[in-house]
Amino acid sequence: MVVFKFGGTSVQDAPAMEQVFKICSKHLSGGLVLVSSAMAGVTNQLVALTDAIQKDQRVLADSILKALENQHKTVIGHIPQQARNQALEGISAVFSDIRTLVKGSFLLGECSARVADAIWASGELLSTAILHALSQGLGFQSKLLDARKLIVTDENFGSANVIWDLTSQAILNQIAPKNPSLWIVQGFIGSTVQGVTTTLGRGGSDYSASILGACLNAQRIEIWTDVDGIMTTDPRKVPSAQTIPELTYAEAAELAFFGAKVVHPATIQPAVESGIPVWVKNTKRPELPGTLVTSSAQGTGLRAIAGRKGVMMMTVTSSRMLMAYGFLKRIFSIFDHFKTSVDLVATSEVSVSVTINETHDVKALLQALEELGSVRVENSVAIVSLVGQGLWKQETFLERAFQALRGIPVLLVSMGSSEINLSMVVREQDLDKAVEKVHAEFFTPTGDNLVHP
Ligand code: ADP
Ligand code: ASP
Ligand code: MG
């Protein structure tokens, strides 16, 4: 059994969908679970739709819905004739549900997190309805599954947490390994024990694939996307980025967490726990080897550089900290109380600096921190992360990293406790330049970290 996940661009139009089945057709022998995202751009439009409902913008909501319907109908118009009716029936049922939800929300004058999740989940229901019809038109013996009957979550709408025992039971009940077989299932979505639709967080289809892979004890999980694998940095920002042939789970998780969007940060954990190898490959260039993520990946030194925007840095300074114990505990219990997760930390004798995600509402948190000392906040900062095993064994590593950043103010430095990560906080407007400079230092043809695919 293998689990293949295809991202938005991999299912963005009819030729892309046909390419998906070309890839799958070679790997059906032991059973294949095909996990699909919504077509490219669709989830963003569904988010725009729920925003429009919240702002009572009926005309805008209507035009978004019409555009989405046209987008899906255009794709159906380009798939083989024999698959079109089934595809149209599939998407009409989904659009009818969305319209009911939208109408109800406008009547009530609100769009709760629960309704938003039901609307956002439509993207994957639409893409898989078309994929399923297409697969049958192409002659595959495929079965369309509903991820809401497989992935059981809590009620944390928008970023629901998996209830593992129920999920595993449901998956094992419904996906029995048969030779050869093709199951098609939506990424990104699940449902509560009561059957209320939930989503796993943006980019969450990778996570869905990993959940299915772990529960099925799959031979491997393959994340099919629009780049050649996990690369030394985002190739859209730095075109000279190179594909990394192998990475450890820890390196991949660290990169994902610190902004390498190519895999969702939650993807790796289920795979690690079950020891399942994860491949990242390019749908348009399946002949390329891609990146293999395992526990035993070879290679030391700097592997890749990630960048993450939308970060806020807070520094609490208090002379009461001097020689006193228990101060850190008090600071962190405040973050705990406000359920705010801290990413980077640096301490001195009288101050503590931390970074958090900028999306948090921090008013009450700041008030509580101010009782401990003076608080300085830097908005709109970013994190540059340098990731790799044994970074510290390279004598010149730090010197070269900081040389590369000459001229760019560094606001905080933190060596990740995993010892495979050096992270630095810079201003948001300096992030792209910082990543580019560090990349040029280590990965140009003269840099000794050149990756040989
Ligand atoms: P999908 O829709 O297939 O899930 P995503 O857009 O979520 O694809 O992720 C792929 C994108 O991740 C790439 O197009 C690339 O711009 C970005 N990316 C960021 N960092 C990296 C990296 N280190 N290696 C490869 N891609 C990266
Ligand atoms: N469609 C969802 C999103 O755009 C999930 C995914 O593509 O992974 O966030
Ligand atoms: Mg993605």
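Cut-offs applied
Residues numbered from 1 in each chain as written. Chains lettered and ligands numbered in written order. Predicted model: local features only at pLDDT ≥ 70, side-chain atom pairs only at ≥ 80, totals over all residues. Heavy atoms only, no water. Axes fitted to C-alpha atoms, helices over the stretch in contact; angles between N-to-C directions. Helix = DSSP H or I, 4+ residues; strand = E, 2+ residues; numbered from the N terminus. Parallel < 35°, antiparallel > 145°, perpendicular 65-115°, else oblique. Left-handed = near helix turned anticlockwise from the far one by under 90°. Contact = heavy atoms within 4.5 Å. Near = heavy atom within 4 Å. Polar contact = N/O pair within 3.5 Å; in protein donor to acceptor, adjacent residues only side chain to side chain. Areas by Shrake-Rupley, 256 points an atom, 1.4 Å probe, with all protein chains shown as cover. Nonpolar A, V, L, I, M, F, W, Y, C, P; charged D, E, K, R; others polar. Pairing = 2+ DSSP bridges. Salt bridge = Lys/Arg side-chain N within 4 Å of Asp/Glu carboxyl O. Buried < 20%, exposed > 50% of the residue type's maximum accessible area, 1.4 Å probe, protein only. Phe/Tyr/Trp six-rings, centres within 6.5 Å; stacked < 30°, edge-to-face > 60°. Core = buried A, V, L, I, M, F, W, Y, C linked by side-chain atoms within 4.5 Å.

Visitor: How should the packing of helix H1 (residues 14–25) against helix H6 (residues 122–137) be read in this particular structure?
Guide: Axes are the key here: two packed helices are described by the angle between their axes and the distance separating the axes. Between H1 and H6, the shortest axis-to-axis distance is 11 Å and the interhelical angle comes to 60 degrees. Classified by the interaxial angle, the pair formed by H1 and H6 is oblique. Read as a crossing pair, H1 and H6 show a hand that is right-handed. Counting all contacts with H1, which are made through Met17, Glu18 and Phe21, the residues of H6 involved are Ser127, Ile130, Leu131, Leu134 and Ser135.

Visitor: Just to check I follow, could you spell out the site of ligand 2 for this structure?
Guide: Inspection of the region around ligand 2 gives Ser37, Ala38, Thr43, Glu124, Phe188, Arg202, Gly203, Gly204 and Ser205 as its neighbouring residues. Contact between ligand 2 and Ser37: an oxygen atom at 3.1 Å from a side-chain N or O atom of the residue. The backbone of Gly203 places a nitrogen or oxygen atom 2.8 Å from an oxygen atom of ligand 2. Summarising the interface, the protein chains cover 86% of the accessible area of ligand 2, which totals 260 Å² for the free molecule. Of the residues that constitute the shell around ligand 2, the class distribution is two nonpolar, five polar and two charged.

Visitor: For this particular structure, what's the right way to read the site of ligand 1?
Guide: Taken together, 16 residues surround ligand 1, and among them Thr225, Asp226, Met231, Asp234 and Arg236 come closest. The contact in question runs from a nitrogen atom of ligand 1 to an N or O atom on the backbone of Met231, over 2.9 Å. Measuring from an oxygen atom of ligand 1, one finds a backbone N or O atom of Val262 at 3.4 Å. Protein chains bury 89% of the 580 Å² of accessible surface belonging to ligand 1 in isolation. Partitioned by chemical class, the residues of the shell around ligand 1 number six nonpolar, five polar and five charged.

Visitor: What's the story with the sheet that holds strand E7 (residues 197–199) in this structure? I'm lost.
Guide: Backbone hydrogen bonds hold the strands of a sheet together, and the pairing may be parallel or antiparallel. Pairing in this open sheet of three strands is mixed, and the strands run E4-E6-E7 from one edge to the other. Looking along the sheet, the strands with just one partner apiece sit at the ends: strand E4 (152–153) and E7. When E4 meets strand E6 (residues 189–192), the two strands line up parallel, connected through two bridges. Opposite Thr153, over in E6, you have Thr192 as the bridge partner.

Visitor: Just to check I follow, could you spell out the pattern of salt bridges for this structure?
Guide: When the charged atoms of two side chains lie near each other, side chains of opposite charge can form a pair. Scanning all chains against the criterion turns up 14 salt bridges. With a closest N to O distance of 3.0 Å, Arg148 and Asp146 form a salt bridge. Here Arg148 falls in the partly exposed class, since its relative accessible area comes to 27%. Here the salt bridges share partners, and the residues they tie into one network are Glu69, Lys73 and Arg99.

Visitor: Looking at this model, I keep getting lost on the packing of aromatic side chains. Mind explaining?
Guide: Ring pairs (aromatic) are described by centroid distance and by the angle formed between their planes. Under the definition given, this model contains six aromatic pairs. With a centroid separation of 6.3 Å and 40 degrees between ring planes, the pair formed by Phe332 and Phe335 is classed as tilted. With Phe332 and Phe335 both in helix H11 (residues 327–337) and three residues apart, this pair spans about one turn of that helix. Classification of Phe335 by relative accessible area gives buried; the value is 2%. Ring geometry for Phe397 and Phe442: centres 5.7 Å apart, planes at 40 degrees, overall tilted. Note that Phe397 is positioned in helix H13 (residues 397–404) and Phe442 in helix H14 (residues 431–443), a separation of 45 residues in sequence. As far as the burial class goes, Phe397 and Phe442 line up, both buried. Members of the aromatic cluster, each reached through a chain of ring pairs, are Phe4, Phe6 and Trp224.

Visitor: Is there a simple way to explain the nonpolar core in this structure?
Guide: Note on soluble globular proteins: their nonpolar side chains tend to be buried together. Membership of the largest hydrophobic core comes to 100 residues, with the highest contact counts inside it found for Phe6, Val33, Leu34, Leu49, Ile175, Leu212 and Ile230. Setting aside residues up to four positions removed in sequence, Leu212 forms contacts with Val3, Val33, Val35, Leu150, Ile171, Ile175 and Val185. Counting 21 residues, the second largest nonpolar core, distinct from the first, contains Leu302, Ala404, Met424 and Ala434.

Visitor: Would you explain the packing of H11 against helix H12 (residues 363–370) in this entry?
Guide: In the contact formed by H11 and H12, the axes pass within 10 Å of each other and the chain directions differ by 160 degrees. When the axis of H11 is compared with that of H12, the two are roughly antiparallel. Judged by the twist between their axes, the crossing of H11 over H12 is right-handed. Touching Ile331, Ile334 and Phe335 of H11 are Leu365, Ala368 and Leu369, all from H12. Within the contact of H11 with H12, the residues separate by chemical class into six nonpolar, no polar and no charged.

Visitor: Is there a simple way to think about the pairing of strand E8 (residues 220–225) in this case?
Guide: Residues in a regular strand point their side chains to alternate faces of the sheet. Of all six residues that make up E8, six are buried, and the element is covered over most of its length. Of the strand pairs in this sheet, strand E1 (residues 2–6) and E8 are connected by five bridges, and their pairing is parallel. Its bridge partner being in E8, Val2 is matched across the sheet by Arg220. As paired strands, E8 and strand E10 (residues 278–282) are joined by five bridges and run parallel to one another.

Visitor: Whenever I open this one, the pairing of E10 confuses me. Can you help?
Guide: The element E10 is largely enclosed, with a buried count of four among its five residues. Direction of pairing for E10 relative to strand E11 (residues 291–294): antiparallel, over a ladder of three bridges. Looking across to E11, one finds that Val278 is bridged to Val293.

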